[in-house]
Amino acid sequence: LLLLLEATLLRLARGSHHPFYNGFYYNNIMNDKDSGEEKVDYFNGARLVVETSRDPIYSSNGANVTLPCHYHYEPDLEAKHKIRIKWSKLRDDYTKEQDVLVAIGKTYMAFGDFQGRAHLLLAGQRVASLVISDVHLQDDGKYRCEVIDGLEDGNDVVDLQLQGIVFPYQPLHGQYRLNFHEAERTCQEQGAMLATFNQLFQAWSEGLDWCNAGWLADGTVQYPIRQPRKPCGGVHLAPGIRSYGPRHRHLHRFDAFCFSSTLRGEVFYLDRPAGMTLEEAKQSCQDAGAEIARVGHLYSAWKFLGLDRCDAGWLADGSVRYPIVKPRANCGPAEPGVRSFGFPSKGKFGVFCYKER
């Protein structure tokens, strides 16, 4: 036993000169030193401070956005070697962060869906800001900016929020038919994504009141109530977001809360005197150089483009709906909203088409 302990200590002592890589590894692709060799510089004692925006950064689908990040030293000094920068995206369910970009000097590498869309803002010294072009729905969320100087590192988090709308969704076969993975796929099929809690809370603060529970992106099941009532948690509970907490992602079934942002195109209405079947409606949109609109398209057009039409039309999922901005007689309830006729198996209607710009 004594010999084994001595051998272990000797092995640790021999390995003590190896550098520390702050939790992630940079290979030769990220090495832009002229000699082709990585040189480790140990920090000289000053504190590295990283700062991002305290307020959320707002953007929209298809836009370009800059996430600010700056760093400095306390006390002030000049960096004597190349700074390493890492951007990552925090996940809603608090699992491992998603790598976005790493950089050393002017050399950088973006990862996954951010390839070709993410780069550093070259705007002077001590700037580590991230530029994301052609923003996607999935880009919404919190991002960590980490700056590494030898053995010293600092980080801060900035929140990117997309302007959008949350809508509850039930599939063709009725209430509470979706497990988590089916809910994810269903929202994507409607030109949307599963909403986050922050997005649902924002929708609730803007007036969303819905008594059916639905999946959120973090795997929890919740629903927003503005007017307390007996079937929705009881009349004695205050207004708010009711939560079932995390549910089993395969076994449990609920509805979905989907999130859609601003459109990259336009939604328009087509009709015939005798109306159209669903298949005829799809063909009419194709003949017009468009596609039949999805539910997310219609909600976004209603929310952001002021689409107001008191004529029911087919959508891609087989539902029939129409958007009302200015409530009036014979156009449904007294509040603005997207009205639904459900999923009629018979009947002929107009159609809402979507065409990208």
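Residues numbered from 1 in each chain as written. Predicted model: local features only at pLDDT ≥ 70, side-chain atom pairs only at ≥ 80, totals over all residues. Heavy atoms only, no water.

Under an unreviewed UniProt entry, the name given to the protein chain is HPLN3 protein, and the organism recorded is Bucco capensis. Annotation of the protein chain in UniProt includes, under Sequence similarities (unreviewed entry), the sentence "Belongs to the HAPLN family." Quoted verbatim from the Subcellular location (unreviewed entry) field of the UniProt record, the comment on the protein chain reads "Secreted, Extracellular space, Extracellular matrix". (UniProt positions renumbered as here; feature names shortened; annotations may be inferred.)

Some thoughts on the overall build of the protein chain
Per the secondary structure count, the protein chain includes five helices and 23 strands. In the protein chain, which comprises 357 residues, the proportion classed as buried is 45%. (Helix = DSSP H or I, 4+ residues; strand = E, 2+ residues; numbered from the N terminus. Buried < 20%, exposed > 50% of the residue type's maximum accessible area, 1.4 Å probe, protein only.)

Re the pattern of salt bridges
Side chains bearing opposite charge may pair, as long as their charged atoms lie close to each other. Tallying each qualifying case throughout the model produces 15 salt bridges. Taking the shortest distance from any N to any O, the salt bridge between Lys142 and Asp159 comes out at 3.6 Å. Of the two residues, Lys142 sits in strand 10 (residues 141–149) while Asp159 sits in strand 11 (residues 152–162), which places them 17 residues apart along the sequence. On the basis of relative accessible area, Asp159 is assigned to the buried category, the value being 14%. Linked through salt bridges whose partners overlap, the residues forming this network are Asp113, Arg117 and Asp139. (Salt bridge = Lys/Arg side-chain N within 4 Å of Asp/Glu carboxyl O.)

Focus on the state of the cysteines
Structurally, a disulfide amounts to a covalent bond that connects the sulfur atoms of two cysteines. Counted according to the given criterion, the structure contains five disulfides. Each sulfur in the disulfide pair Cys187 and Cys258 lies 2.1 Å from the other. Taking the torsion about the S-S bond as the criterion, the Cys187 to Cys258 disulfide, at about -80°, is left-handed. Of this pair, Cys187 sits in helix 2 (residues 180–189) while Cys258 sits in strand 17 (residues 255–261), placing them 71 residues apart in sequence. Each member of the pair, Cys187 together with Cys258, is buried. Bridging Cys211 to Cys232, the disulfide has an S-S length of 1.8 Å. The sign of the -120° torsion about the S-S bond sets the Cys211-Cys232 disulfide as left-handed. Of this pair, Cys211 sits in the loop between helix 3 (197–205) and strand 14 (214–215) while Cys232 is found in the loop between strand 15 (220–225) and strand 16 (240–246), placing the two residues 21 residues apart along the sequence. By relative accessible area, which is 2% here, Cys232 ends up buried. With its disulfide-bonded cysteines labelled consecutively along the sequence, the protein chain is connected as 1-2, 3-6, 4-5, 7-10, 8-9. (Disulfide = S-S within 2.5 Å.)

Structural notes on the side chain of Ser300
As for its position among the elements, Ser300 is in helix 5 (residues 295–304). Classification of Ser300 as buried rests on a relative accessible area of 1%. Here Ser261 takes part through its backbone oxygen, which lies 2.7 Å from a polar atom of the side chain of Ser300. Non-local contacts of Ser300, meaning those with residues more than four positions away in its chain, are made with Ile165, Ser260, Ser261, Leu263 and Leu305. (Polar contact = N/O pair within 3.5 Å; in protein donor to acceptor, adjacent residues only side chain to side chain. Contact = heavy atoms within 4.5 Å.)

Some details on the sheet that holds strand 9 (residues 130–132)
Spatially, the three strands line up as an open sheet ordered 3-9-8, and their pairing is antiparallel. This sheet does not close on itself; its edge strands, each paired only once, are strand 3 (65–67) and strand 8 (118–120). In this sheet, neighbouring strand axes are inclined to one another by 25° on average, regardless of whether the strands run parallel or antiparallel. Both strand 3 and strand 9 contribute to a ladder of three bridges, which runs antiparallel. Residue Thr66 lies in a different strand from strand 9, and its bridge partner there is Val131. (Pairing = 2+ DSSP bridges. Axes fitted to C-alpha atoms, helices over the stretch in contact; angles between N-to-C directions.)

Structural notes on the nonpolar core
The biggest cluster of nonpolar side chains holds 89 residues, and the ones touching the most others in it are Leu67, Trp87, Tyr143 and Phe352. No other element matches helix 5, which puts five residues into this core. Setting aside residues no more than four positions away along its own chain, Leu67 makes contact with Ile57, Trp87, Ser129, Leu130, Ile132, Tyr143, Val158 and Leu160. (Core = buried A, V, L, I, M, F, W, Y, C linked by side-chain atoms within 4.5 Å.)

What about the pairing of strand 7 (residues 107–110)?
Sheet topology note: the strand 6 (residues 98–104)/strand 7 ladder contains four bridges and is antiparallel. Bridged to Val102 within strand 7 is Met109. Following strand 6, the chain reverses through two residues before pairing antiparallel with strand 7; Gly105 in that reversal takes a positive phi of roughly 60°.

Some points on the pairing of strand 4 (residues 69–74)
Because side chains alternate across strand 4, one face comprises the buried residues Cys69, Tyr71 and Tyr73, and the other comprises His70, His72 and Glu74, none of which is buried. Pairing of strand 1 (residues 47–52) with strand 4 involves six bridges; the strand directions are antiparallel. By the bridge assignment, Glu51 is partnered in strand 4 with His70.

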